[in-house]
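# Observations on the model geometry
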Amino acid sequence: MKSKPAYLTLLLALLHGVAGITILVISSWFIAISAIAPIGFNYVIPAVVIRALALLRIASGYASMWVGHNDLLTRIAEGRLLVFSQLENSKITDKAFTTEALAQHTETLASRWIAWIAPLSNITFIFTNLCIVAVWFDLPSTSFLLTLFVIWLFIVVLQGFSGLNVAKKATKENKVFRQESADFLNCSAIWHLNKGMNHMPKEKGRHAINSMPSADRVWRQQTTQKDKALRASWWFQGAAFFAVVLVMSGAVSPISDFSYMPIAIVVPMILMAAPDWAGAAFHSITKFAQHKQSAKALKNLKTSPIKVLERTELHHSLTLSGYTAKNRRLPLVSATFPATGIVCISGPSGCGKSSLLQSIAGVVPPTGLKEVDGMRIADGLIKNWRYVEQEPIVLSGSVSSNLDPAGMGIPLDDMTNLLAQLGLEALLPLSMWVGKAGRTLSGGERKRLALARAILSHAKVLLVDEPFEGLDVTTQHKVCEVLNRYAANHLILVASHVTPSALNVSSTLLLEEARMDNLCAGQHAIRLP
Amino acid sequence: MIKEKVPNRQTLNAWSNKIDKAQSLGLRTSLTAQVMVKCLSLFSLIIGFYYFSHIAHDWVVNQTPATASDVTGLAVSLGMSWLLQGAFNALSSSARMQVLNKLEQHLQHVFIERQYALIRQHSVYYWQTVWLQHLQAFADWALEYRVQQLIAVVVPLFALAVIFYVNPVIGIGLLLTLPVVPLFMIIVGKGAAALHRKHFIALERLGSLFTDRLAALPMLANYQAHQKQTALLKDASENLNARTMKVVSVAFLSNSVLDFFATLAVALTAVFIGFSLLGELSIGPEITLQQGLWILLTVPLLLSEMKKLGQVYHQKAQAEAAKAELAPLFSCFTQNLACSAVNPVKADTTHHYSSEHEVLLAAKNLKVFDINAPQPRLPSGKDKSAVDDPPALLHTESLAVLKGDKILISGRSGSGKTLLLEALGGQRPSTHTFSEPVIWITQHPVITPGTVRENLCLNDTYTDDALMKALETVELDAWLSLLPCGLDTVMTDYPLLSGGEAQRLSLARALLRKDDIWLLDEPTAHLPDSQHARLAQLIERLGRDKTLIWASHKALPANWFNRFWTVSRSTNEQDAISNSMSKSEAGLKSKIGAVQDGHLQGCSSVTETSFKMNANQKERSLDEK
């Protein structure tokens, strides 16, 4: 994700860090020199400098937090918009994909500046400059500082590699757990038959159904990640303390003129405080490792493009020959539909009604031949044919934006009228917010909202999947009336295993079950009364 | 609020203490151990500071090298501090894993107790989140956050005590200014906490705007709405971000307050000490370099631990969210009832075949409760009638089941047929339940992703002959012969079974087992009428020597059954609500909303008719669904 680097955040954070270290150094030197109070020592200036640095630190701290956060929010939004716009006219084919994971990944990527780039670069910058200054001014015990710097670099690099490793393992374990637990939870209806479950054995190598999956391995990886950071910081602390002891004992360094000057305690003070200001680097490495994982996950997101075809008008008939969704082992359908009216596609669950509708609309790739008014049309998503799903998605937004997602300017009166006809008065006024952060809709309400959405878009062909499930009799009646009215000028294919009497069905397509015998036997023409 | 629900007013702390006691998580001991070790470590560090400053004093003021005792003192105290810090790290990670494992065990326990009745209420994703994230959020808060909280209180007191001991003037100065910090923090913090929550919610909203549209990609492609939605997302994000920044600008003040005091404390102390050493200021006792340096090194400790607390503050918000989900699940534990003891169905599979008892169930005043209610004590304690039971979702005066009965449960969808079955099967808390294990045949048959053999055997072993015989009895032998690898064929994503065939497979599973009570929850609900008739006949034939309790709203011949139970709700108004809700919500949320003040209004009731109803009345129920 290429965007402008967060210079301001970096700068402010750097200022914050530098101010902190400088206060430490100058304060300790100031006290030391005040103790011996040489003649002509101007004590006012250091005192003022200290107070000024303090204010600088506080101000830069607040500013860096504010700027950093603002930057973060902007980046999250930009990152998500970028991902979203790249997904135009495609769909995500990753089975293990969840939208929440994607949201999480974009957030991790966007926070890279304040999570690890800023801390790591700050500490490196400060450490380098301290070493340079120490060498320049030839401070006593500089060699210890340099050694500690090298040790720090070494530990950071080491932890970087191991952190990346652990993060990779953590992602893998996460995936495995999700799969196992999904299988396990899906079988909840037959747990009672599974005697092994009641005794909760934890045997390895058995199928997940026969013993409970455990999130233990996932947690272990995360704990390991944290442990490694803590351990790195612990070793660094040990090294720093060891250096302090060596310096203070005076055993290693030669006695020079400077050994007992106030300036001599500057380096030891820095060393003593090193675990505090340099130790934050190790936790940033963890965030770096997570960042790498998120970037990889986003890159490997499997999408497949949806080919969108132009608007197709249906004047006479729609003919299918040997048609069904590809690769789903379903019986093939050959039928002819009129240009207006309701065709009911019925059959038991699992026989492929939804798949058939989806393939006709072009949402899934089909096999077979589709002809409109005698002319063969290509495979693809047809712009003005609408497929209304069995479990429709409600977008977080107002009712009116849900009914008109493309912003085509549908008159509000039409919307209100249609909602009233479908019995959705509860969703008025149109500005009401529905979806995750607003009013939750029941299953039946969702279906009717999606149906309204499709009808308001003046779809030429309407393919509706199970519109009557979960509705009581009066509401079904209302839906039937709306469908009947719409069918006067349009073709409606309704897949339902329940057919209310109020529906003006002009013909019925009965799909047989996708059983082993009719699949093996090959293509089957299905009856069309 | 309904009494049985965990009241929202119960704070996180209080709930966590309850859980700790009930599940013996050992939180308290881990907490104290960690806090003590860390405090000892920091105390050693302060001692180390003493030696350090002493040596510095020797250097600068006395111009002499460090004495051996000082050096050893420094080495020992720094070494101790270092080692104790390592011990603290080890303790915290082991405690975390321990608590997580215990919590997971309890969660699994709850799953086993409540089984399908519980799982079906939420999506798989929800349960995965509870399992993977909420448990962790709670453990992190309980250990890491609370440890840090305690340390942030104890350590400053230590440090202040040391400073006081060294130089009372500075001590008093800090003592006067320091309380301002928590006060200020509380004031700003309360506001900040509320704002933090809003920020959390704002981030969630941003996230959900995005995830909604992601999930709806095919729909957006169909409506060619992608660009409009992108523009919408952009607007909404900008709006949200602007509002959030206004909000967090204030929230950051609490962090800045800490920073302000910490930095100022160090700076002003340094200046004060410097001036005292120079003789410019002479308040209080004489100060030496050693004392000054010691104080300078110790002052940061006053607020550094509190700063660390600020960094893990988000854990509290996450734990609150986790508690909202976990509290109802674990409520049976916090009510101090041993769930495992009460549910006899889940005991070891000792078959209660007492020959003289033909009666499987004789219930007086049967009540069925919400899934998260604690299991009430069995009516063996007869004088417990005054105990405040949670409000019942289903109630009936008397119900009896004899061995070999064929019972038909009818009623409008959402009226509670499933609730009754779940209660009898032991998955839902109720006053009475079967004492024998039962077999369930649910609406949606479950096919596990394994071989056919594994699907039938699950965890038991049966001979191939037994498997073939069972498949033959349910008329799946022809199907089996068409499979490429017979019993070892793996069931894939696009299953080799149709809906009706899958139900037959679950019947085969049931046949293989010895349990004699079958609970059938609308097994033919999704099948067309012809299939329904065939499957129903098969079930009737197979279940001749079993006890069947069959809930169905489709027509079934009345002469198959010898008892008829009807479940109905007591007011018509509630019917309308329940019918328009989706399946998973129906029956549960509407019922809970309908119960008022413990009165049984809106609760379902079961009426039994032991005479056969005439066919007309049965057919009426066909067009509901």
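Named according to an unreviewed UniProt entry, chain A is ABC transporter family protein originating from Alteromonas macleodii.

### Side note on the overall build of chain A
A tally of regular secondary structure across chain A gives 15 helices and 15 strands. Counting all 529 residues of chain A, 55% fall into the buried class. Intrachain contacts of chain A at a sequence separation of at least 6 include 76% that bridge at least 24 residues. Here chain A displays about 22,500 Å² of accessible surface, and carbon together with sulfur accounts for 60% of that area.

### Digging into helix H1 (residues 7-36) of chain A
Under the 1.5 Å per step criterion, the end-to-end length of H1(A) is 43 Å for 30 residues, consistent within 8% with the ideal 44 Å. One or two residues past the end of H1(A) sits Ala37(A), with phi positive at roughly 40 degrees.

### Regarding the sheet that holds strand E8 (residues 375-376) of chain A
Residues and elements named next belong to chain A. Reading across from one edge, E5-E4-E7-E8 is the order of the four strands in this open sheet, with antiparallel pairing throughout. Here the strands that pair on one side only, and so sit at the sheet edges, are strand E5 (333-338) and E8. Sheet topology places strand E7 (residues 366-372) next to E8; two bridges connect them, and they run antiparallel. Looking at E8, one finds that Glu 371 is bridged to Arg 376.

### A look at the packing of aromatic side chains
Under the criterion given, the structure shown has 28 aromatic pairs over all chains. With 5.2 Å between their ring centres and 75 degrees between their planes, Tyr126(B) and Trp127(B) make a pair best called edge-to-face. Assigned by exposure class, Tyr126(B) and Trp127(B) land together as buried. Put simply, the rings of Phe177(A), Phe184(A), Trp191(A), Phe111(B), Tyr126(B), Trp127(B) and Trp131(B) touch in pairs and so form one group of aromatic residues. Above the ring of Tyr223(B), the side-chain terminus of Arg386(A) is found at 4.1 Å from the ring centroid.

Procedures and definitions
- Here the residue numbers are simple positions, counted from 1 along each chain's written sequence.
- In the order they appear in the text, chains get letters beginning with A and ligands get numbers beginning with 1.
- Given that the model is predicted, a residue must reach a pLDDT of at least 70 before its local features are reported, and side-chain atom pairs must reach 80 or more before they are shown or counted; all residues, however, enter totals for whole chains, interfaces and linings.
- Note that the side-chain values use all heavy atoms of the structure and ignore hydrogens as well as water.
- Working definition: helices are DSSP H or I runs of at least four residues, strands are E runs of at least two. Numbering for both runs from the N terminus.
- Exposure is judged per residue with a 1.4 Å probe applied to protein chains only, and the accessible area is read against the type maximum: over 50% gives exposed, under 20% gives buried, and values in between give partly exposed.
- Note on contacts: a residue pair is in contact if any heavy atoms of the two residues lie within 4.5 Å.
- The method behind every accessible area is Shrake-Rupley, applied with a 1.4 Å probe, and residues are considered shielded solely by the protein chains displayed.
- To estimate the expected span of a helix, count its residues, drop one, and scale the result by 1.5 Å.
- By this definition, two strands are paired if DSSP reports at least two bridges between them.
- Geometry of aromatic contacts follows a simple scheme: Phe, Tyr and Trp rings, the Trp one being its six-membered ring, pair when their centres are within 6.5 Å, and the pair is stacked under 30 degrees between planes, edge-to-face over 60, tilted otherwise.
- Only lysine NZ and arginine CZ atoms are considered, and such an atom sits over a ring when it is within 6 Å of the ring centre and within 35 degrees of the ring normal.

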